[in-house]
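The lines below spell out each chain.
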Amino acid sequence: MRFDFHLRSQVKEQITQLATQMHSWDDVPKVNDLEKMHLQDAITSFQHTINIEPFTIGGVDGSGDYPSLTYSDSFVYVTLAQGTVYQSNTDRGLKEVGPLGEPIIDFLWLPEEKKQRINNFTAGLGRLAGSPVETVIDESDYRKLNGKIAGKTHSISQLTDNMICPHASDSSNIGIQLRITGELGAAARLLSAETPPDITLIDSTFSLPTLGSAKTSLFFEHLKRWCCVKASQRNLLFAALSKSHGLPGIGLIEQLAKEKLKPDALGQAEHWFLRLPQTGIEDWETTLTDGRTLPPLQTVTYLVRFHRTTPVLRLDIDLTYWQQHLQGKSSEQTKQNECHLFEQLDYASHDQRCYGYPYPIKAAHDRASLTKQERVVLRKQIIDAAVKMGMRRNLFRDASQATGHA
Amino acid sequence: MPPDTIDLTIESLVSHLGGVEARFGVLAESNTNQLTVIAHDADVAVGDLFLLPDQRGRRPDGTGERVYIFRTTQYANTLNRQLAMDDVARNKLTMPDAYLAEDLLEETLLELTGMILGYAELVADGSWEFHRPRRLPEHLCVVYRVDPEQAGTAQVINALMGKQLGQQNQDGRIYVGDLLAGEYPLIGVPVYLPLHALSHHIGVFGRTGVGKSNLMMVLLRSILEHNAAVDSGKLDARPASILAIDPHDEFNHWQLASGGSDGIAGVMSDLASNEQGHLAEPFYYLSARDLPDTGPERRLRLSWADVTPDDLVSIIDFSEQQVMFSHAVYDMKGEKWISYLLYTGAGQVVEDIQGDQGVVFMEGTAAAVQRRVSFLGDGRSTVFQPYTGKSGSTYDSQLPQIIAALEQGRLIIVDTTLMGELEQFLLNTCIARVLFHLRRTVRATSVAGDLPQRLRQALGNNENVGRIGMRQFAVAIEGLLEEGKLPYLQDSQVVSPADLPLINLVIEEAPSVLNPDRIRFGSVFRDICRQGRKFGIGLTVVSQQVSAIDNGILTQINSELTMALGNEQERREAIRNSSGDMNGFERELQIQGRGQVMVSATSQDIPLPVQVPLYRAN
């Protein structure tokens, strides 16, 4: 069909309305002078860091094919996740630490039939996590946090039985769960390693979407907190770095940073961070986070800009770790500790391939990405193996291709 | 099969290349025109060769395995899974203190683009047969680099491409150099032209200073070695002869004067005395310099009596009237026509012709022709000796001996440094024409007793009808035939030209005599190009330009040795006129270094880049 929607007056009118809505939303934060002062005070600069004491930093990322193919009313989902570890290095900036762990590759078959679907899904999540689902739920502090919010603590079996398991055909929800579980599984493996990295970064946030619900939960919420617990136990930093901070009025914060740090006339302020006020720690609040669970429970959230060309990022750190390792006896000492952390992260963000973003995550992303050709090859392999077992090749189909949508 | 080749299965081939751990890359995208390979980061060069073992055509009996031979025309640096190298470069340039982290996995890769030269297929007798690229290697097959430093590489290439490299020519071969893989020659992988290339015409093209002379030395040496092998009985093949015009007098002593290697003289002096008799006598070096009249290095002399109008028309601009006039004079005076023209007034010549043949020419035409032959008169030529036909004037020419030597399988170097350009061209033309006529006559004659008379007639000498032609030369040739120095008769039978030595005549500065304008009224070189192979006579056309050579000549050349050319147009012409398909080798021609030559021949399926070694006498 010829594409001419964009020329129609009705469409143009709707787009104008949309833009108006977005603009008015962008104006929403009504920050008074006092709050501006607090925000500007909280903005802290750190050094562009090219020399640093030795440290190791890991990154994880994942991807998959959701679904890879369908057979009758069942679906095959492929998940891939990879962790990398780098050591600071005088000559090369970062040098990867071997041996490289095996990537997590998981093939999950989900039929629509409920019992089989839940069994398979639960088993698949366990494989991705690297531990049985029950163990993760047991060792994670999610159950306790949920109980605190919901007012009732559920048993492990209750939580297990009531974990959200979408329909086999609900590929987007299944895909999200599998991908995040795979990534967290890779992080869990790094954190459990004999020589774990000092810092482990995941491309995500510490948000817990169903926290406070009666019994239902998402497995990756348990796993996310489990990683936090494991990291704290080993005095390791496990942090989530997200390119989507999810805050309105970021322009105001950047303007405040610019005013405070006074970069070149045309330049953007860089090398700064802002810790969002934490109930019980800070004596001020911000309207920027109104209507949002931000920071998430048991989390300290920062906004950070490493370099002027990269956007403001969001960094979530487990509150326990923060209290144990970053919070100082005075606010100055806390800032010092925080600066040191961000200088480490800045040091890891100077690779030419992703300047302004920690390279270990980028490296993990590159290795976990599935190209179109790789997806095709995997599908063929799966089908060939199934056909060898006696299944009929023509019953396998790539739904989008069969209907001309791909 | 050369001694250093081996029978190979695909497994042993891989082990000779260094084993699976020597894997260089993996085939990515591919079609029958072009392949893309993703490879490890390495120091590479355009022209590198790669092998792709392939099982796609394997049959139950094990035959049908293939090894594709791939040649790179382009390299690109790439980063694993990084879409835009530009962004990385931009960051490196503009971002403060940017680094490139060191990864465990190879992130810096190469993308090779190139063409399949062809593939070798394992056949039932355990050998490999080379085919042009009609098929495609299987998906994602492993790629091995042809590494000149790897011990087994030469054996592998010889086994896979031996026939293409000319190594299996049973009737003799001419060594050109060693196959190039990128910038380096594969020592132990020699490339040969078949011996019969000498009679099928060779083109040597390359701008000044790229090593044409060195290439000629290597070819001369190889021909000499071939003749030695034939003479000693090691090789059952025809000998070969070459008349090598040497405009810089370098072939004989090469770089001896500057402390380097001696030339052909050095090789000749190293021959055993019996070999010298068979390979170097009566002479191998002729010069206009003041040399003795005997011995292997002699002063060169030809006679006015050896020159015909056809010779002059081949080297000087003549109008149609002038051509007709010259032939009229020659018909009347035969071998004395030069002296007659030089010593007779134009008006008298016109009158004489009218009296003799009833044809009227303008005096201006006569005068013009006289001017054109004047470069031979009044002692201006050191090579062409006067001959008037009057008493006291003797026929003083080495042309009969030169012909006899060439007919016995000899290498003759002619130093032309002291000759004028016209003298040099005329010398070449005379020899070529005479040889061509003699060979054609031998082929046309079946009765031995008829041969002397037929030869005379071929030389324009027919006393029965009063035609003089090349009488003196004919007499000399008849004498040589009787003495057995001209091997046209054996056991009272006329020898077939197919059993006579292959003869190759080198035309240096070829555009001067082989340009379209020069040969519009006919040229013995055009005749040789078209018909010479039937009689075992061929040309080696040496030129800095391809475009300046007549197309009719170029189309008859069956082997091209193309070195670095001066400009884009010449490279285009070289590709257009190539005997093999050189499309895809444009970049190769552009970056050729000194001594590197692209060998293209009808005897090969593919053009071969070759490094010509520096000539050494020993």
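What counts and how
Throughout, a residue's number is its position along its own chain's written sequence, starting from 1. Chain labels run from A onward and ligand labels from 1 onward, assigned in the order the entries are written. Predicted model: local features are reported for residues with pLDDT of at least 70 only, side-chain atom pairs are reported and counted for 80 or more only, and whole-chain, interface and lining totals are derived from all residues. In this description a helix means any DSSP run of H or I spanning at least four residues, a strand means any run of E spanning at least two, and both kinds are numbered starting from the N terminus. The reference for a compact globule is 2.2 Å times residues^0.38; the radius of gyration itself is calculated from the C-alpha atoms. Counting other C-beta atoms within 10 Å of a residue's own tells you its class, since 20 or more makes it buried, 12 or fewer makes it exposed, and anything in between is partly exposed; those C-beta atoms are placed from the backbone. The span you would expect from a helix comes to 1.5 Å times its residue count less one. A pair of residues counts as a contact when their C-beta atoms, built from backbone coordinates, are separated by no more than 7 Å. pLDDT expresses how confident the predictor is about each individual residue, on a scale running from 0 to 100. Linking buried Ala, Val, Leu, Ile, Met, Phe, Trp, Tyr and Cys residues through C-beta atoms within 7 Å yields a set, and such a set is a nonpolar core. Each residue gets one of three labels, nonpolar for Ala, Val, Leu, Ile, Met, Phe, Trp, Tyr, Cys and Pro, charged for Asp, Glu, Lys and Arg, and polar for the others, Gly among them. Should DSSP find at least two bridges between two strands, the strands are regarded as paired. Between the N-to-C directions of two axes lies an angle of 0 to 180 degrees, each axis being a line fitted to C-alpha atoms and, for a helix, fitted only over the stretch in contact.

Chemist: Any chance you could explain the overall build of chain A here in plain terms?
Modeler: For chain A, the helix and strand inventory stands at 14 helices and 11 strands. In terms of overall dimensions, chain A is globule-like: its C-alpha atoms have a radius of gyration of 23 Å, near the 22 Å expected for 406 residues. Judged by the C-alpha coordinates and their principal axes, chain A covers about 70 × 65 × 55 Å. Expressed as a percentage of its 406 residues, the buried residues of chain A come to 43%.

Chemist: How do you make sense of helix H15 (residues 471-483) of chain B when you look at a structure like this?
Modeler: All names here are of chain B. Under the 1.5 Å per step criterion, the end-to-end length of H15 is 19 Å for 13 residues, consistent within 8% with the ideal 18 Å. Buried residues of H15: Arg 471, Gln 472, Phe 473, Ala 474, Ala 476 and Ile 477, and no others. Considering only its buried residues, H15 is in contact with helix H12 (399-406) and helix H14 (451-458).

Chemist: In this structure, what is going on with the confidence of the model for chain B? I would like to understand it.
Modeler: Mean pLDDT for chain B: 89, with 98% of residues reaching 70 or above. Here the complex is predicted with pTM 0.72, and the ipTM for its interfaces comes to 0.81.

Chemist: Teacher, can you tell me more about the nonpolar core here?
Modeler: One recurring pattern in soluble globular proteins: nonpolar side chains tend to sit buried together. Grouped together as the largest cluster of nonpolar side chains are 182 residues, with contacts concentrated most on B:Val176, B:Leu220, B:Ala244, B:Ile412 and B:Phe525. Looking at which element gives the most residues to this core, the answer is helix H13 (residues 421-444) of chain B, with 11 residues. With residues near it in sequence (within four places) discarded, B:Ala244 still touches B:Met216, B:Leu220, B:Phe251, B:Leu411, B:Ile412, B:Ile413, B:Val414 and B:Val506. Formed by 93 residues, the second largest nonpolar core is a distinct cluster that contains A:Ile43, A:Leu110, A:Tyr302 and A:Ile383.

Chemist: How do you make sense of the interface of chain A and chain B when you look at a structure like this?
Modeler: Accessible area lost when the parts come together is the quantity often used to give the size of an interface. Taken together, the contacts link 20 residues of chain A with 18 residues of chain B. Those elements that provide at least two residues to the side of chain A that touches chain B are strand E3 (74-89), strand E4 (93-96) and helix H12 (359-368) of chain A. Element by element, the count of residues in the side of chain A that touches chain B is highest for E4(A), at four residues. Of the residues contributing to the side of chain A that touches chain B, the split by class is seven nonpolar, seven polar and six charged.

Chemist: So what exactly am I meant to see when it comes to the sheet that holds strand E9 (residues 184-194) of chain B here?
Modeler: Residue and element names in this part refer to chain B. The 12 strands lie next to each other as E9-E8-E23-E22-E21-E10-E20-E19-E11-E16-E12-E13, forming an open sheet whose pairing is mixed. A strand with exactly one partner marks an edge of an open sheet, and here the two such strands are E9 and strand E13 (297-299). Adjacent strand axes in the sheet meet at a mean angle of 25 degrees when their direction is disregarded. Inspection of the sheet shows strand E12 (residues 285-287) paired to E13 by three bridges, in the parallel sense. Bridge pairing in E13 links Ser 287 to Arg 299. Against the sheet, helix H17 (residues 524-535) contacts strand E19 (502-507) and strand E20 (537-543), and its axis sits at roughly 135 degrees relative to E20.

Chemist: Help me understand helix H19 (residues 568-576) of chain B, please; the structure alone is not making it clear to me.
Modeler: Count 3.6 residues to each turn of an α-helix, and residues three or four apart come out pointing the same way. Along H19(B), the positions that sit buried rather than exposed are B:Glu570, B:Arg571, B:Glu573, B:Ala574 and B:Ile575. At its buried positions, H19(B) is contacted by strand E10 (202-205), strand E21 (559-562) and helix H20 (586-590) of chain B.

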